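Analysis of the macromolecular model
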Amino acid sequence: MSKKALVVGTLILTIASFITRILGFIFRIFLSDVMGAEGMGLYQLIFPIYMLAWASASAGVSLAVSKKVAEYNAQKLYQDSIRTLKCAIVLAVGISVPISLFLFAFHEPISIYFMHAPDTSLSIMLLGTCLPFMATSCCIRGYFQGRQEMTIPAAAQVIEQCARMIIIYLIAGKMVPYGLSYACAAAMIGLCGGEVVSCLFTIFMYKLSKRKLNLKPATIGYATAFNSIFIMSLPITANRFLTSALHSIENILIPIQLQNYGLTSSEALSMYGMYSGMAMPLLLFPSMLTGSLSVALIPAISEARARNNTYQLKKTVGLSIQFSSIIGIGACGLFLSLSDAIAMATYNIKEVGYILQLLAMICPFFYLQNILTGVLNGLGLQKMTFKGNIVASILCIILIFVLVPRSGILGFTLALLVQAGFATCYHLYHSLASIELPVDIVGWIIKPALAITLGGVTISYLYENFLSVIFSVRIATLIAISLLGGFYILFLFAFKCVTKDDIKMFIK
């Protein structure tokens, strides 16, 4: 996979992610208006269960498909790729069906004893209906990602979000008046509907794509393909499942420990809703770039290793880490400088701005962690991500118990910072050591930090003294963000953190 192909694939996924997130913000603004912060908090409590189900049935299998298909495509063994995909779907659906039945049977005990939120019962039951569709769709997306045909996964992502929004828009007005339980159920019906539509789309595109291939007899049997996918996906699935389980515990603990801090149940749920349903989507919005690159890196690195192309491997990883650092540090400066303005322009809730400002320092770690996960998975070092994520999550849970009852949301922010910092440093060490790539502290950290500091100070002054006076909040915020991005890029070039040669090297 050439660097140009990597960039094209990343850009396609980034554009799709941008469209999806813009639609997602419109969707969240609509939900926050209809459900309020407390309803958003309740809705967000469902996602730990969703992520657990996804991790169990789809995460490891889809990544394994992407890696194996990339390897087979490099050898033009297209029938082996197809056979691998079929085995992966059987495995993923075979895992998802029992999980669905479990959610149907035990949705009430899960909502009461695990979630500590009885109003989530109906939503948990509805979640079970979409898991086989989600598993199938994830496998087919992994197949296309392995073939470096990023347009199909990107289109599926956009179609899924559009279907979700249309469904919720049509049914929310009828269900919300019946209370928070039905409001959350409406959102879950939309989520499930989006998964079904996305699944049908990917199946159609797979059948269309298959007709264009020049297929030769497969070189592997179904048993070999199944075993290969199972063995490769097992550590990834275990990693994602355990980290998702620990992340679920973190999210369930937050409102409970906020009550121990002194908030009422309603206040704690509202605070959690502002954190997870409002602030975090804003905080992670720029990560569409690093997230897309992480997905594209897995087949790129797998192919480079299969061809023993060490030079290409080092260049790809080095530039990807530099790119991630620039985006992460830039996002940190953005939210430190304009947190209140962004929160007011988006949700008209100033408290969200305070949470954004607290969380801003975590951006560089979150974003770099995205890239490093893709690097380690591409290098076949899934065990390293597993170990780092598990230790980091355990540290976070311990700190939530200790800090949140004493310091509230500030204590939780410190817990998140320790978690993200430890995991990122651990993954970075093993990524660089495995390919003998040196650390570039000046290019990766110091220069971007200096560039965004200068840009942030300039824009803060302009916003407070000119933009906020002349324009409305939303227009002033959009102008400020655009100017900050322009200043940041200008300073990056001025400090030679990014050069024309870097860009040419990356896209050629």
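Residues numbered from 1 in each chain as written. Predicted model: local features only at pLDDT ≥ 70, side-chain atom pairs only at ≥ 80, totals over all residues. Heavy atoms only, no water.

Details of the overall build of the chain
Under the convention used in this document: For helices the rule is a DSSP run of H or I covering at least 4 residues; for strands it is a run of E covering at least 2, with both sets numbered from the N terminus onward. Here the radius of gyration uses the C-alpha set of atoms, whereas the globule reference equals 2.2 Å times the residue count to the power 0.38. Only protein chains enter the accessibility calculation, which uses a 1.4 Å probe. A residue is then buried if its area is under 20% of the maximum for its type, exposed if over 50%, and partly exposed in between.
Tallying secondary structure elements over the chain gives 17 helices and zero strands in all. Computed over its C-alpha atoms, the radius of gyration of the chain comes to 23 Å, within 12% of the 23 Å expected for a compact globule of 508 residues. Taking the principal axes of its C-alpha atoms as reference, the chain extends roughly 65 × 60 × 40 Å. The buried share of the chain, reckoned over its 508 residues, is 56%.

A look at the environment of proline 255
This is how the line gets drawn: For this analysis, residues touch if any pair of their heavy atoms sits within 4.5 Å.
Checked against the element boundaries, proline 255 lands in helix 7 (residues 222-261). Once the C-alpha coordinates of proline 255 and lysine 383 are considered, the two residues, 128 residues apart in sequence, prove to be 32 Å apart. Every residue in contact with proline 255, bar those within four places of it in the chain, is listed here: Ala268 and Tyr272.

A word on the state of the cysteines
Note the threshold: When the sulfur atoms of two cysteines come within 2.5 Å, that pair is taken as a disulfide.
Using the criterion set out here, one finds zero disulfides in the structure. The closest cysteine sulfur to the non-disulfide-bonded cysteine 138 is located on cysteine 139, 7.1 Å from its own sulfur. Taking the relative accessible area as the measure of exposure, cysteine 138 reaches 15% and is therefore buried. Between cysteine 332, a free cysteine, and cysteine 363, which holds the nearest cysteine sulfur, the sulfur-to-sulfur gap is 6.1 Å.

Describing the confidence of the model for the chain
Filter applied, for reference: Confidence per residue, as judged by the predictor, is encoded in pLDDT with a range of 0 to 100.
Residues of the chain with pLDDT of at least 70 account for 91%, and the chain-wide mean is 82. Mean pLDDT per element in the chain: helix 17 (residues 500-507) is the minimum at 59, and helix 16 (residues 473-494) is the maximum at 90.

Quick notes on the packing of aromatic side chains
Defined as follows: The rule is short: rings of Phe, Tyr and Trp, with Trp giving its six-membered ring, pair when the centres are within 6.5 Å, and they are stacked under 30 degrees, edge-to-face over 60, tilted in between. Here, a charge over a ring means that NZ of Lys or CZ of Arg falls within 6 Å of the ring centre while also lying within 35 degrees of the ring normal.
With the rule as written, the count across this model stands at 10 aromatic pairs. Ring-pair connections join several aromatic residues into one group, and the members of that group are Tyr143, Phe144 and Tyr206. A cation sits over an aromatic face here: arginine 83 above tyrosine 222, 4.1 Å from the ring centre.

Here we look at the packing of helix 2 (residues 78-114) against helix 4 (residues 131-146)
Put simply, the rule is: What counts as an axis is a line fitted to C-alpha atoms, over the stretch in contact for a helix, and the angles between N-to-C directions run from 0 to 180 degrees. Orientation labels follow simple angle bins: below 35 degrees gives roughly parallel, above 145 gives roughly antiparallel, 65 to 115 gives roughly perpendicular, and whatever is left gives oblique. Less than a right angle of anticlockwise turn of the near helix away from the far helix marks a crossing as left-handed, whereas a clockwise turn marks it as right-handed. Polarity classes work like this: nonpolar for Ala, Val, Leu, Ile, Met, Phe, Trp, Tyr, Cys and Pro, charged for Asp, Glu, Lys and Arg, and polar for all others, with Gly in that last group.
Two numbers describe how helix 2 lies on helix 4: the axes approach to 8 Å, and their chain directions differ by 155°. By the angle class used here, helix 2 and helix 4 are roughly antiparallel. Seen along the crossing, helix 2 lies across helix 4 with a hand that is right-handed. Taking contact as the criterion, the partners of Ser81, Ile82, Leu85, Ala88, Ile89, Ala92, Val93, Ser96, Val97, Ile99, Ser100 and Leu103 in helix 2 are, on helix 4, Leu131, Pro132, Ala135, Thr136, Cys139, Ile140 and Tyr143. Of the residues in the contact of helix 2 with helix 4, the class split is 15 nonpolar, four polar and no charged.

Description of the packing of helix 10 (residues 310-346) against helix 12 (residues 363-378)
Relative to each other, helix 10 and helix 12 sit at 160°, their axes nearing to 7 Å. Comparing their axes, helix 12 and helix 10 come out roughly antiparallel. Between helix 10 and helix 12 lies a crossing whose hand is right-handed. Residues Val317, Ser320, Ile321, Ser324, Ser325, Ile327, Gly328, Ile329, Ala331, Cys332 and Phe335 of helix 10 touch helix 12, and the partners they reach there are Cys363, Pro364, Tyr367, Leu368, Ile371, Leu372 and Val375.

Some details on the pattern of salt bridges
Pairs may arise between side chains of opposite charge once their charged atoms sit close together. Formally: When a carboxyl oxygen of Asp or Glu lies within 4 Å of a side-chain nitrogen of Lys or Arg, that pair is called a salt bridge.
Applying the stated criterion to the full structure yields four salt bridges. Between lysine 68 and glutamate 71 there is a salt bridge whose closest N-O contact spans 3.4 Å. With lysine 68 and glutamate 71 both in helix 1 (residues 3-74) and three residues apart, the pair spans about one turn of that helix. Taking relative accessible area as the criterion, glutamate 71 reaches 23% and is therefore assigned partly exposed. A salt bridge links arginine 164 to glutamate 160; the shortest N-O distance between them is 3.0 Å. Residue arginine 164 and its partner glutamate 160 are located together in helix 5 (residues 151-175), separated by four residues, close to a single helical turn. Look at glutamate 160 and you get buried, because its relative accessible area is 9%. Salt bridges sharing common partners tie together Arg141, Glu160 and Arg164.

Overview of the nonpolar core
Note the cut-off: Here the nonpolar core consists of buried residues drawn from Ala, Val, Leu, Ile, Met, Phe, Trp, Tyr and Cys, with membership extended through side-chain atoms lying within 4.5 Å.
Tyr43, Tyr275, Phe335 and Leu359 are the most contacted members of the largest nonpolar core, which totals 98 residues. Per element, the largest residue contribution to this core is 13 residues, and it comes from helix 1. With near-sequence residues (within four places) excluded, phenylalanine 335 lies in contact with Leu282, Leu283, Pro286, Ile342, Leu356, Gln357, Ala360 and Cys363. Ranked by size, the runner-up nonpolar core spans 23 residues in total, among them Val61, Val69, Ala92 and Met232.

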